[in-house]
Amino acid sequence: MRNALIRFQNMDRRWIFLGMALSIMIPLLYPINFPFKVDQRVQAIYDRIEELEAGDTVFISADFDPASRPELEPFYRANLHHLFAKDVKIVMGSLWPYAPPMVRPWLDNIAKEHGKVEGEDYAFLGFKAGNELAIKLFADDLVKAFPSDASGKKTAELPVMKGFRSLKDFGLIISVSAGFPGTKEYVLQVQGQYGLEIASATTAVSAPDYVPYYKSKQLFGLSGGMPGSAQYEKLVFADYRDDPGLSKAKEMAGPAQSVLNMGHLFIVLLIVCGNVAFFLTRTPKED
Amino acid sequence: MKRTIPLIVGFIIGVVMIGEFFIPHYRYRAMTAEFLEWGLILGAGAFILGLVNLVQVNLPKVQRRETDWQYKAAMLVALVITLIVGFAAGESRQADGQTFKWIYDYAFTPLNATMFALLAFYIASAAFRAFRARNMEATVLLAAAILVMIARVPIGESIPVIGDYLPQFMNWIMDVPNTAARRAIFIGAALGAIATGLRVILGMERSHLGGGES
Amino acid sequence: MKRLSIWTLLLPLLVLTSPDAWADTPNTDDAPAPEANERVPEPSEQAPNDDASAPAAEELVEDQPDAKALGDEQAEHSPIQIDSFTVDSFTVKAPKHGTGRKLSLKWDNVEFPNFTFDDASRLFFQWITVEPNKDLVGLRVLRRSNDSKDWAPIGDLLPPETISLEDKLSKPGSWDYKLIGVYTPGKREYELTFTRLAQAWVGTQEVIQGVRLNSELFELLFQFPSLLEEETRRATTLGLSSDSVTGKTKAYFLIAKKAHMMLLGLVVLVGFLMMYYTRRAQRGEEIYIRRIPGIDAIEEGIGRSTEMGKPVLYVPGIDDLQDIQTIASMLILGQVSKTVAEYQSDLIVSCCIPIVREVADEVVRAGYYQAGHPDAFNAANVRFIASDQFAFCAGTNGIMLREKPSTNIYFGRFFAESLILAETGFVNRSIQIAGTAEATQLPFFIAACDYTLIGEELFAVSAYLSKDPRLVSSLKASDIIKVICVVALIAGTVLASMGDTFLIDLFKIRE
């Protein structure tokens, strides 16, 4: 028995990989969904967007890549649906070079579903290199940072940009961020200086890093990882399901939560079993 | 001389850039903005050097048929194809139907996502190996990790009796001990960064300059 | 060189301690910008434009067969009624601590009257139907430099509730400003022919009853540049103007705010403490540093590599050279490469950013030179892998699995690839030493590496390894500052709990 427990503690990690693979694949094929509550940080994002009126304009910084799609794409899509359903206008830019080919088609498709017109109801400005410098430039002069949008039209002449010259002019900024540069750089570089209202949707790994900013009210809302995206989706789809623009939309993160459930359970089980084996095979010298 | 001039230049530029935070004069800000532009240009220029280095290191290994030379050959072929396709397509390279977009959608995106997905497996094996209650601190860490992991997912909220309290406890862990620890790390790292930056600017640290003498 | 560095530190201090009265102004007149009492005269008070060349109103009407009303053939013929237009306290000032290229405009208590408009047969402006209750569409600010006659609008139309505007200028100097209230009242649309309008321009006050047109002139010029062309355009604005006020820019040499001065003081204090302890260390005084096992393990790891005949792998993070963690990593690399050269082992450096690779190349070369083994340096061992995060990770993993380094050192800024690198290194049974200030990645390194340096320990490594008194003394200085910070935190918490936010306010930075 003792030998078996020692072998268990030192097992080839490929067994762990196999167990993890099964705990991901099985719920994908046979989802078991559990109800979940909405966290106050995600609720804060939803409530603030609900306060917006038709014709208001928000700036979205889409800073993620294909690797973080599962965590952030659901929030991104739900957010676009939410904003377009409220007839809020969107101006979007990106600090990651790999983001535009991914986020722009989604933006265009969702806008089309809501009957929105590029240039009048939304604009995609494209990617800007420079990390923190780019963010400072956005805050100073967004039109200078993007003389033309991703379609080649002059940014200053876009109807949606009328009255908006810099980040300071937008009522709200939503940072969908998977790392650097992202939410942290927005908070450090421009939030305090210009008193901007920023919400963040970020990966689960980065979310704990931004909790201090939420607590000190430098962020008014924080959505962390797939659970956060699922909660936000739940709110949007509950209230806007009947909106014609959402007729083709589906919740993505909610159903995927069953994978999270099983994955987390597997890791917890593994840790607990590992510790049980450790205690049972521990000699007094190990104390 | 080879090290003195870079030291002097580093000192001057360093002091000037620190000064930007305190000096609002538009001429001063125009000068610092220019320095930052130079930095960006240098960084962009270094990409050419990086490309040359990639070829310089890997091509001889392919030619000499060293271990796993096939992977290096695949890398060089992919490099050349992507460069040619990207340059040929120009500004419209990311438009639908373009080969460059195809490479992004069907090669880069899946590979990128796959590497990130490896984390799920590696975290399982790392957690299994590392989370052992060897002492009191490790036990506290272990307990907190298990609680947060369970509370983060819907199944945790569905546990009878404690399910309602788990998310609150998780939020407390994130809001109080986690925030306190992260703030301590931020402050310590920031002070360390100030000291390191000043050491470099004042010329106390010289190892980054290269050269032949200490 | 040492003396030079001390004096060149003091020199900026002498400059910066000068008072902030070194403002750069175009002239020596420091009188504040006048505050204009902007009661706009009634239309009836306005002197009519008595240019003799102005054609008579009736003639112009008759000469304009194109002027027509859309959708309403039986228009009323009532004149435009305009009541007073009052702006209180329209001021233009150079903002304090400004760059010298900004002026702050402020006005309040803007009251705009109600409008009723004339009918189709008498008007020559076209406007777009708006909600009937919203007479005021917005505000527009016009600007001209002191030596110019031409007014130009600044930016777009401001919402009616706007009460302030910050105007960015291309150069410092004196500038005149006007504030315009813009209306689009009425429910009817009319078309115009602009050749007529250009001719009618001079006599518009007589043509359009009751409307003051000084400001509309600028509006129309702004909207329709080609006034002399024969074409029909839609006029969208009609407004009233305030009198102009003048503002002079003022560029400051120093932001003399409390928070900025506190930060400057902190930076100067750190520098001063560093030099003070450097002096003490150079006089022979020993400065104690606590043992950091992770740093001691570096030399052990390099020794292990030599024994096993395997290389050492050094990964300086994936961020750009301007990040302080990457700089710290380069400083450490210098020490590591020197030690590796002394042990006659191999060092592979895997870089994600090309410019980091160039600096690493120089640093490693210098390290080998300092150790007395310049010929042992192999430039092919300092490699740029890929600038994409996961491509770099895959490439570095490939190095680990092929070349099987016995010691992996990760110092710098890492992101999601940290665990993948560390786990692959574990599989390889390498000794792994990691150090980062990136709090999100610390748990992964702690779980997968043998030694992890947390946060500021990364910045202490180069001083610890070199044992150079100057560098060690800088650790002492930053420790003193840390103690000061802790005291300030505790004091600030206690004071804030008692309702006194003095310490908090001392460090608030706002532009």
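For clarity, every value in this text was computed on a predicted model and none was experimentally measured. (Residues numbered from 1 in each chain as written. Chains lettered and ligands numbered in written order. Predicted model: local features only at pLDDT ≥ 70, side-chain atom pairs only at ≥ 80, totals over all residues.)

**What about the overall build of chain C?**
Line of reasoning, step 1. The secondary structure content of chain C amounts to 15 helices and 19 strands.
Line of reasoning, step 2. A burial count over chain C gives 45% of its 511 residues as buried.
Line of reasoning, step 3. Of all intrachain contacts in chain C linking residues separated by at least 6 positions in sequence, the fraction that spans at least 24 positions is 78%. (Helix = DSSP H or I, 4+ residues; strand = E, 2+ residues; numbered from the N terminus. Buried ≥ 20, exposed ≤ 12 C-beta atoms within 10 Å, placed from the backbone. Contact = placed C-beta atoms within 7 Å.)

**What to know about the packing of helix α3 (residues 69–89) of chain B against helix α4 (residues 99–130) of chain B**
All names here are of chain B.
Line of reasoning, step 1. Running from N to C, α3 and α4 cross one another at 135°; their axes reach a closest spacing of 8 Å. As the angle between them shows, α3 and α4 are arranged oblique. On α4, the residues that touch Thr82, Val85, Gly86 and Ala89 of α3 are Thr99, Phe100 and Ile103. (Axes fitted to C-alpha atoms, helices over the stretch in contact; angles between N-to-C directions. Parallel < 35°, antiparallel > 145°, perpendicular 65-115°, else oblique.)

**Examining the interface of chain B and chain A**
Line of reasoning, step 1. Chain B puts 36 residues into the contact, and the matching count from chain A is 35 residues.
Line of reasoning, step 2. Of all the secondary-structure elements, those providing two or more residues to the side of chain B that touches chain A are α2 (26–63), α4, α5 (136–152), α6 (154–157) and α7 (166–201) of chain B.
Line of reasoning, step 3. The greatest single-element share of the side of chain B that touches chain A, amounting to 13 residues, is contributed by α4(B).
Line of reasoning, step 4. Per-class residue counts for the side of chain B that touches chain A are 22 nonpolar, seven polar and seven charged. (Nonpolar A, V, L, I, M, F, W, Y, C, P; charged D, E, K, R; others polar.)

**Digging into the pairing of strand β3 (residues 122–127) of chain A**
If a strand is regular, its side chains alternate between the two faces of the sheet.
Residue and element names in this part refer to chain A.
Line of reasoning, step 1. Among the six residues in β3, six count as buried, and that is most of the element.
Line of reasoning, step 2. Looking at chain direction, strand β2 (residues 89–94) and β3 are connected through five bridges and run parallel. Its bridge partner lying in β3, Ile90 is registered against Tyr122.
Line of reasoning, step 3. After leaving β2, the chain enters helix α5 (residues 100–113) and then returns to the sheet as β3, a path that is right-handed. (Pairing = 2+ DSSP bridges. Right-handed = clockwise from strand over helix to strand, strands pointing away.)

**Considerations on the sheet that holds strand β15 (residues 347–351) of chain C**
Backbone hydrogen bonds hold the strands of a sheet together, and the pairing may be parallel or antiparallel.
Residue and element names in this part refer to chain C.
Line of reasoning, step 1. What the six strands build is an open sheet, ordered β16-β15-β14-β17-β18-β19; its pairing is parallel. Every other strand in the sheet has two partners, leaving β16 (382–384) and β19 (451–454) as the edge strands with one partner each. For this sheet, the mean inter-axis angle between neighbouring strands, taken without regard to orientation, is 15°.
Line of reasoning, step 2. Here strand β18 (residues 431–436) pairs with β19 via four bridges, running parallel. Within β19, the residue paired with Ile433 across the bridge is Tyr451.

**Comments concerning unusual backbone geometry**
Line of reasoning, step 1. Between Phe180(A) and Pro181(A) the backbone carries a cis peptide bond, its omega angle lying at -10°.
Line of reasoning, step 2. Tracing the backbone shows Pro181(A) in the loop between β4 (172–177) and α8 (183–194).
Line of reasoning, step 3. Phi is positive for Val161(B), close to 70°, though the residue is something other than glycine.
Line of reasoning, step 4. Following the sequence through the fold, Val161(B) ends up in the loop between α6 and α7.
Line of reasoning, step 5. Assessed through the 6 C-beta atoms surrounding it within 10 Å, Val161(B) is described here as exposed.

**A look at the interface of chain C and chain B**
Line of reasoning, step 1. Taken together, the contact pairs 73 residues of chain C with 58 residues of chain B.
Line of reasoning, step 2. Considering each element in turn, the side of chain C that touches chain B owes the most residues, eleven residues, to helix α9 (residues 354–370) of chain C.

**Things to note about the confidence of the model for chain B**
Line of reasoning, step 1. Across chain B, the average pLDDT comes to 85, with 96% of residues at or above 70.
Line of reasoning, step 2. Per-element averaging of pLDDT across chain B places α6(B) at the bottom with 83 and α3(B) at the top with 91. (pLDDT = per-residue confidence, 0-100.)

**Regarding the domain arrangement of chain B**
Residue and element names in this part refer to chain B.
Line of reasoning, step 1. What the domain assignment reports for chain B is domain 1 (1–66) and domain 2 (131–205).
Line of reasoning, step 2. Taking the mean C-alpha position of each, domain 1 and domain 2 sit 36 Å from one another.
Line of reasoning, step 3. When the residues that make up the side of domain 1 that touches domain 2 are grouped by side-chain class, the tally is three nonpolar, two polar and no charged. (Domains from an automatic or database assignment.)

**Some remarks on helix α4 (residues 69–85) of chain A**
All names here are of chain A.
Line of reasoning, step 1. In a regular helix each residue adds 1.5 Å, so 17 residues correspond to 24 Å; α4 covers 23 Å between its end C-alpha atoms and thus fits that length.
Line of reasoning, step 2. Counting buried positions along α4 gives 15 out of 17 residues, so the element sits mostly inside the fold.
Line of reasoning, step 3. Looking one or two residues past α4, Asp87 carries a phi angle of roughly 60°, positive in sign. (Expected span 1.5 Å × (residues − 1).)

**Describing the pairing of β18(C)**
Residue and element names in this part refer to chain C.
Line of reasoning, step 1. Of all six residues in β18, six are buried; the element is thus mostly enclosed.
Line of reasoning, step 2. Burial along β18 is two-sided: Ile431, Ile433 and Gly435 and Gln432, Ala434 and Thr436, pointing in opposite directions, are all buried.
Line of reasoning, step 3. Pairing of strand β17 (residues 407–411) with β18, which is carried by five bridges, proceeds in the parallel orientation. Bridge assignment links Phe411 to a residue of β18, and that residue is Gly435.
Line of reasoning, step 4. Between the parallel elements β17 and β18, the chain passes through helix α11 (residues 417–427) in a crossover that is right-handed.
Line of reasoning, step 5. Once the chain exits β18 it traverses helix α12 (residues 442–448) before rejoining the sheet at β19, and the crossover so formed is right-handed.

**A look at the environment of Gln344(C)**
Line of reasoning, step 1. With respect to the helices and strands, Gln344(C) occurs in the loop between α8 (324–342) and β15.
Line of reasoning, step 2. Distance from Gln344(C) to Ser305(C), taken between C-alpha atoms, is 9.7 Å for residues 39 residues apart in sequence.

**A look at helix α14 (residues 469–497) of chain C**
Line of reasoning, step 1. Helix length check: α14(C) (29 residues) gives 42 Å between terminal C-alpha atoms against 42 Å at 1.5 Å per residue, within 8%.
Line of reasoning, step 2. Among the residues making up α14(C), those that are buried are Pro469(C), Arg470(C), Leu471(C), Val472(C), Ser473(C), Ser474(C), Leu475(C), Lys476(C), Ala477(C) and Ser478(C).
Line of reasoning, step 3. Those residues of α14(C) that are buried are in contact with α7 of chain B together with α6 (258–282) and α13 (457–466) of chain C.
Line of reasoning, step 4. In the stretch just after α14(C), Gly499(C) is the one whose phi turns positive, near 95°.

**What to know about the sheet that holds β4(A)**
All names here are of chain A.
Line of reasoning, step 1. The strand order across the open sheet formed by six strands is β3-β2-β1-β4-β5-β6, and the pairing between neighbours is parallel. In this open sheet, the two edge strands, each paired with only one partner strand, are β3 and β6 (221–224). Averaged over neighbouring strand pairs, the angle between their axes works out to 15° when direction is ignored.
Line of reasoning, step 2. In this fold helix α3 (residues 40–50) packs onto β4, β5 (198–202) and β6, with an angle of close to 125° to the strand it touches most, β6.

**Here we look at the environment of Phe75(A)**
All names here are of chain A.
Line of reasoning, step 1. Structurally, Phe75 can be placed in helix α4.
Line of reasoning, step 2. Classification of Phe75 by C-beta neighbours within 10 Å gives buried; the count is 29.
Line of reasoning, step 3. Contact partners of Phe75, with chain neighbours within four places excluded, come to Val176, Ala201, Ser223, Gly228, Ser229 and Tyr232.

**Some remarks on the confidence of the model for chain C**
Residues and elements named next belong to chain C.
Line of reasoning, step 1. Of all residues in chain C, 54% attain a pLDDT of 70 or more, and the chain-wide mean is 67.
Line of reasoning, step 2. In this model residues 1–87 is a low-confidence stretch, pLDDT under 50, and it forms 140 contacts with partners more than four residues away in sequence or in other chains.
Line of reasoning, step 3. Here residues 185–241 is a poorly scored stretch, pLDDT under 50, and it has 134 contacts once near neighbours within four places are set aside; other chains count.
Line of reasoning, step 4. Model confidence for the complex is summarised by a pTM of 0.76, with the ipTM given as 0.87.

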